[in-house]
Structure formats: C-alpha cells, structure tokens
Amino acid sequence: MNLNRKGKAALVLALVAVVGMAFRVSWNALRDVASAIGADATAATLYPFVVDGLMALALVAALVLVEDDRRFALRVLGTYTLASLVLNYVHGLVPELHGASVDWGRLADWNPANYALVLLATSLPVGSIYFGSDLVAKVLHHRPAPIPTPVANAEKSTETVRKRSMADLRESTPEPITATVVRVPDPVAVDFTKSTLPLKPIPAIQRPIGPVKPVAVAADSPRPRRATGRLPEVARPKVPRRTAAQLLDEARSVTAGWPDAKVTAEGIRRELRTSPVNARTLRDTLLAERTGKAA
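A few points on the structure. Please read all numbers here as calculations on a predicted model, not as lab measurements.

### Examining a nonpolar patch on the surface
Thought 1: Taken together, the side chains of Leu15, Val19, Leu59, Val60, Leu63 and Val64 define a hydrophobic patch exposed on the protein surface, amounting to about 520 Å² of accessible area.
Thought 2: Put simply, the parts of the chain that give the nonpolar patch at least two residues each are helix 1 (5–36) and helix 2 (41–64).
Thought 3: It is helix 2 that contributes the most residues to the nonpolar patch, four residues altogether.
Thought 4: Inspection of the secondary structure assignment puts leucine 59 in helix 2.
Thought 5: Among the residues examined, leucine 59 registers a relative accessible area of 33% and is labelled partly exposed.

Pasting the structure below:
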C-alpha cells in the first residue's frame, strides 16, 4: 500500500503523540528512581530525558543506518527499553518511592537485587553519553547508496542463445567419390631374338622453288555497326497516313454487321489499327449515323 504525503505525515504525528504520552507516563517513575539513588531535584527531572531520550535517538538511527550499524542501533534501543521497563516495574513494586520516603540507595530489600538495581540506574546516564555519541557519529558519517542510473539500452530484448552440444549437431556427409577407371592395354611380349627386316629407303622428292609472286588479298571488311539512338526522320520508312474520310469509310465497312452494343472505341481501334482518339471519334460518328437512320 502506497501512502501519499498527507498519510505519511499523519502517521509520523501519531507516532510522536504516542511516544510523548508514553514518556510522560514513564517520567514519574524514572524521576523517583533518580531521587532514590541520590540525584538532586534538577538531576532527577532530567533523568527521564537521559533514558527515554536515548531510546528515541536509537529509533531514528535505526531508520537511517543500514546493515551492521542498524543492528547496533536496534541493540541500544532494546537495551534501554528493557532498562526503562525494569525501573518502572520497581517503581510500581515499592510504594515508598512515590513519596520519596525510602532511604538513599535502597531500591529493594534483598541486597543483591538492590545492588543490581542501583548499578543499573546509575550506569544508564553514562551509557547514554557513550551510545548516544556513537549513534550520532554513525548517522553523520553515513552515506546513502547511490541510485543506479538507467541504462540506455535497457529496453533491448534479451535473447537466449542456445548452445547445443556437438552430439546434437548434424554432421555433413561427404559426397561419394566416384573413381574413374582407366583401362590400360594388355602388355605385349617382345621377342628380342628376332631380327627385324630393314626398311626400304624412301627417295627424297625435290621440287624447284620459284620466285614468290605477290597475291592481292581482299581486306577484311569491318562488321557493320548497329544503329543506336533515334533514327532521323529521313531514315525512317514512310507510312501512308489515312485521312479522316478514309478512316470513316473503313469503319463503316467494318462495323456494317455489328450491333450497337459492339460498336466501341476499343473494337474499332483494334480493327482499324488507329489511335484511341480517332477510335472514339469514329465511334461517336457511327452511333450518331445509326441513331439518325433509326429516327
């Protein structure tokens, strides 16, 4: 549950009020105990602030400090809370402490208990000086942990990389190697003891060499280059252009047997192989002629 500022302030004020009322209830008992151990009127009045005040200081230190220092503050708080409880308990058991009619240094009839109570009551102020100074020093030298700065790439999606063992990975099977078998001719036995027949000498043919006459050879004609770019108007073949009257005559002859629904600009353009503009003009003219004849 998150509390706003007003809720936290109300909670702190309620705690302060409870602690203040508890201090007021415990103030009489501690003042009477201080008077019984020999403190004067001023010291007896300040004695409750020494005990219960250190408890409040230890509580604040426990809220600020961390780890070992916090545990030390909690030990001091628990020790002084227990001591204040014991002195308040003795004050309730000994009615003579209320009217200050008890002898000095006498907090119990049994001597060992009396000695222990007097030692406890007289050592609390000294312990307040020591433990209070230590707690204040720890609080002043305490440095809060720095707030970690957000990382720029914190919104990056974290991917888990799975590493498989070598046994899980597929091994590439090498392709079978086909060995090419080269057939070697069978060896032939050679008999070196047989004498070979001598070969007949071939006469050399001698031709008279005359003077070399130069012969004219046609030069290789270079390959004709392909025409690139736009052809000039002169080099373009002349296509005869039909006039509007010629187009209209051809359209009449082509669409003579067509129904009115078939007479469209696209159909006329395909049949006459003309431009879409001319085809629309012819369509309108033909439909107008048919409408006039029907009327």
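From this point, the narrative continues.
### Description of the packing of aromatic side chains
Thought 1: Taken as a whole and assessed by the stated rule, the structure comprises two aromatic pairs.
Thought 2: For the ring pair tyrosine 130 and phenylalanine 131, a centre distance of 5.1 Å and an interplane angle of 75° mean the geometry is edge-to-face.
Thought 3: Residue tyrosine 130 is classed as exposed on the basis of its relative accessible area of 55%.
Thought 4: Chaining the aromatic ring pairs together yields one cluster made of Phe72, Tyr130 and Phe131.
Thought 5: Directly above the aromatic system of phenylalanine 72 lies the positively charged group of lysine 138, at a separation of 5.5 Å from the ring centroid.

### Section: the environment of methionine 55
Thought 1: Residue position: methionine 55 is located in helix 2.
Thought 2: Remark: the alpha-carbon pair of methionine 55 and glycine 78, spanning 23 residues in sequence, is separated by 8.2 Å.
Thought 3: If near-sequence neighbours (up to four positions away) are discounted, methionine 55 is found in contact with Leu77, Tyr80, Thr81 and Ser84.

### Section: the environment of valine 50
Thought 1: Considering the arrangement of structural elements, one finds valine 50 in helix 2.
Thought 2: Valine 50 sits 20 residues away from leucine 30 along the chain, and the two C-alpha atoms are 9.8 Å apart.
Thought 3: Once residues within four sequence positions are removed from consideration, valine 50 is found in contact with Leu124, Pro125 and Ser128.

### Details of the pattern of salt bridges
Thought 1: Following the criterion strictly, the structure yields 10 salt bridges and no others.
Thought 2: The partner of arginine 252 in a salt bridge is aspartate 249, and the shortest N-O contact between them spans 3.8 Å. With arginine 252 and aspartate 249 both in helix 5 (residues 244–254) and three residues apart, this pair spans about one turn of that helix.
Thought 3: By relative accessible area, which is 45% here, aspartate 249 ends up partly exposed.

### Looking at helix 1
Thought 1: Taking 1.5 Å as the rise per residue, helix 1 with 32 residues should run 46 Å; its terminal C-alpha atoms sit 46 Å apart, in good agreement.
Thought 2: At serine 26, helix 1 shows its maximal bend, which comes to roughly 35°.
Thought 3: Ser26, Trp27, Ala29, Leu30, Asp32, Val33, Ala34 and Ala36 are the residues of helix 1 that are buried.
Thought 4: Looking at the buried residues of helix 1, the elements they touch are helix 2, helix 3 (67–93) and helix 4 (111–140).
Thought 5: One or two steps after helix 1, the chain reaches glycine 38, where phi turns positive at roughly 105°.

The rules behind these values
- All residue numbers here refer to positions counted from 1 along the written sequence of the relevant chain.
- Per-residue local features are limited, in this predicted model, to residues with pLDDT of at least 70; the limit for side-chain atom pairs, both in listing and counting, is 80 or more; totals at the level of whole chains, interfaces and linings are taken over all residues.
- Just so you know, side-chain values use all the structure's heavy atoms and leave hydrogens and water out.
- Patches here: salt-bridge-free residues with over 30% relative accessible area, like charges joined within 9 Å, nonpolar side chains (Val, Leu, Ile, Met, Phe, Trp, Tyr) joined within 5 Å.
- Methods summary: accessible areas were calculated by the Shrake-Rupley approach with a probe of 1.4 Å, and residue burial reflects only the protein chains presented.
- Salt bridges are counted wherever a side-chain nitrogen of Lys or Arg sits within 4 Å of a carboxyl oxygen of Asp or Glu.
- Segments assigned H or I by DSSP are reported as helices when at least four residues long, segments assigned E as strands when at least two residues long, and all are numbered from the N terminus.
- The buried label goes to any residue with under 20% of its type's maximum accessible area, the exposed label to any with over 50%, and the partly exposed label to all in between, with areas taken from a 1.4 Å probe on protein chains only.
- Two aromatic rings, drawn from Phe, Tyr or Trp (for Trp, its six-membered ring), form a pair once their centres lie within 6.5 Å of each other, and the interplanar angle then sorts them: stacked below 30 degrees, edge-to-face above 60, tilted otherwise.
- For a Lys NZ or an Arg CZ to count as sitting over a ring, it must be within 6 Å of the ring centre and within 35 degrees of the ring normal.
- Throughout, a residue-residue contact means that at least one pair of heavy atoms, one from each residue, lies within 4.5 Å.
- For a helix, the expected span equals 1.5 Å multiplied by the residue count minus one.
- The bend reported for a residue corresponds to the angle between axes fitted to the seven residues ending at that residue and the seven starting there.

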